[in-house]
Amino acid sequence: MPQTKTPAAGPRAAPRQRAEPIRALILGGTSEARALATRVAGDARLHAVVSLAGRTSAPLASPLPTRIGGFGGVEGLKRYLTEERIDRVIDATHPFAARMSANARAACAAVGAPLLVYTRAPWSPVEGDRWREAADNAGVVAALGAAPRRVFLTIGRLGLADFFCAPQHFYLIRTIDQPSENDLPPRHQLILERGPFTVESELSLMRAAKIDIIVSKNSGGRETYAKIEAARALGLDVAMVTPPGGGEARVVHDVEAAAAFLFCEAR
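Below or above, wherever it landed, is the structure these notes cover. Please read all numbers here as calculations on a predicted model, not as lab measurements. (Residues numbered from 1 in each chain as written. Predicted model: local features only at pLDDT ≥ 70, side-chain atom pairs only at ≥ 80, totals over all residues. Heavy atoms only, no water.)

**Thoughts on the overall build of the protein chain**
Inference 1: A tally of helices and strands in the protein chain yields seven helices and twelve strands.
Inference 2: Here the protein chain, with 267 residues, has 41% of them falling under the buried criterion.
Inference 3: Contacts in the protein chain between residues far apart in sequence, at least 24 positions, make up 66% of those at least 6 positions apart.
Inference 4: Split by element, the accessible area of the protein chain, about 14,400 Å² in all, is 52% carbon and sulfur. (Helix = DSSP H or I, 4+ residues; strand = E, 2+ residues; numbered from the N terminus. Buried < 20%, exposed > 50% of the residue type's maximum accessible area, 1.4 Å probe, protein only. Contact = heavy atoms within 4.5 Å. Areas by Shrake-Rupley, 256 points an atom, 1.4 Å probe, with all protein chains shown as cover.)

Structure representation (structure tokens):
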């Protein structure tokens, strides 16, 4: 019988290498986006740009090239992704940046760019917490009630005008940037400060201001969690705004998982 000769095993073929770096867009503005930028900066396999909305007047520096300003809605983002030949997108915006996240989902789906959401996990109540959850600021105003209260308002500068309809309360307002004077409720004290904060400093602040209730967005992370720990220690109520629902994009809470998404070959 004729015999089939098996060829000698040769060296294994090397994995295919990309001719050009992977081009990525990181929608940033959070500590997660900065951590990811630090993790991937200087890697020759990647050409990444961080995009900031421009809502903070003095954003923290990034080790990656940064663009500031909006894209002009879904159509503008689609155009950017196409013109810049973006291979993949990471949405590392604030958990409450619902419009930007929705635009990212729509634009990426339209141009076929893989999208990953990299965000912090939301907080969960533990024993001793006294949360009243609400879907939006209107729900929070209802939770405050009619009787005058001393409120620690920590939702950022956007949405402050929603509390005009409850002028009977005193509001201790903390934001990073100066809000518009027209957005500030009549009885208030304003603090311009950026976290992270300590439990000790939050306890001191709340005691000095004689706070009755805290208003917070459930944005997760450690940078501002001290106020929740302080509220627990003082037995205070927390009116907690729940994060908006996401889409169908894959979600990760780990910087290594986000970096792996950037470096993997598109399927």
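**Section: the sheet that holds strand 9 (residues 188-192)**
Strand pairing within a sheet occurs via backbone hydrogen bonds; the two strands may be parallel or antiparallel.
Inference 1: The strand order 6-11-10-7-8-9 describes an open sheet built from six strands, whose pairing is parallel. The open sheet has two edge strands, strand 6 (131-134) and strand 9, and neither has a second partner. Here the strands of the sheet are splayed against their neighbours by 20 degrees on average, with no regard to which way each runs.
Inference 2: As defined by bridge partners, strand 6 adjoins strand 11 (residues 237-241) across four bridges and the pair is classed as parallel. Across the sheet, the residue bridging to Ala-134 is Val-241, located in strand 11. (Pairing = 2+ DSSP bridges. Axes fitted to C-alpha atoms, helices over the stretch in contact; angles between N-to-C directions.)

**Focus on unusual backbone geometry**
Residues apart from glycine generally show negative phi values, whereas peptide bonds are mostly found in trans.
Inference 1: With an omega of 10 degrees, the peptide bond running from Gly-195 to Pro-196 counts as cis.
Inference 2: Along the chain, the position of Pro-196 falls in the loop between strand 9 and helix 5 (199-209).
Inference 3: Phi at Arg-85 is positive, roughly 55 degrees, even though this residue is not glycine.

**Remarks on the pattern of salt bridges**
Inference 1: Here the structure, examined in full by the defined rule, presents 13 salt bridges.
Inference 2: Across the pair Arg-130 and Asp-237 runs a salt bridge, and its minimum N-O distance is 3.1 Å. One end of the pair, Arg-130, is in the loop between strand 5 (115-118) and strand 6; the other, Asp-237, is in strand 11, with 107 residues separating them in the sequence.
Inference 3: With relative accessibility at 8%, the residue Asp-237 sits in the buried group.
Inference 4: Close ionic contact of Asp-237 with Arg-132 constitutes a salt bridge, the shortest N to O distance being 3.1 Å. In this pair, Asp-237 sits in strand 11 while Arg-132 sits in strand 6, placing the two residues 105 residues apart along the sequence.
Inference 5: Salt bridges here are not isolated pairs; linked through shared partners, they connect Arg-130, Arg-132, Arg-149 and Asp-237. (Salt bridge = Lys/Arg side-chain N within 4 Å of Asp/Glu carboxyl O.)

**Some remarks on the packing of helix 5 against helix 6 (residues 226-234)**
Inference 1: Across the interface, helix 5 lies against helix 6 with an axial gap of 8 Å and an inter-helix angle of 60 degrees. With respect to helix 6, the element helix 5 is oriented oblique. The interaxial crossing formed by helix 5 with helix 6 has right-handed handedness. Facing Val-199, Glu-202, Leu-203, Met-206 and Arg-207 of helix 5, the residues of helix 6 in contact are Ala-226, Lys-227, Glu-229, Ala-230, Ala-231, Ala-233 and Leu-234.
Inference 2: Broken down by class, the residue content of the contact of helix 5 with helix 6 amounts to eight nonpolar, no polar and four charged. (Parallel < 35°, antiparallel > 145°, perpendicular 65-115°, else oblique. Left-handed = near helix turned anticlockwise from the far one by under 90°. Nonpolar A, V, L, I, M, F, W, Y, C, P; charged D, E, K, R; others polar.)

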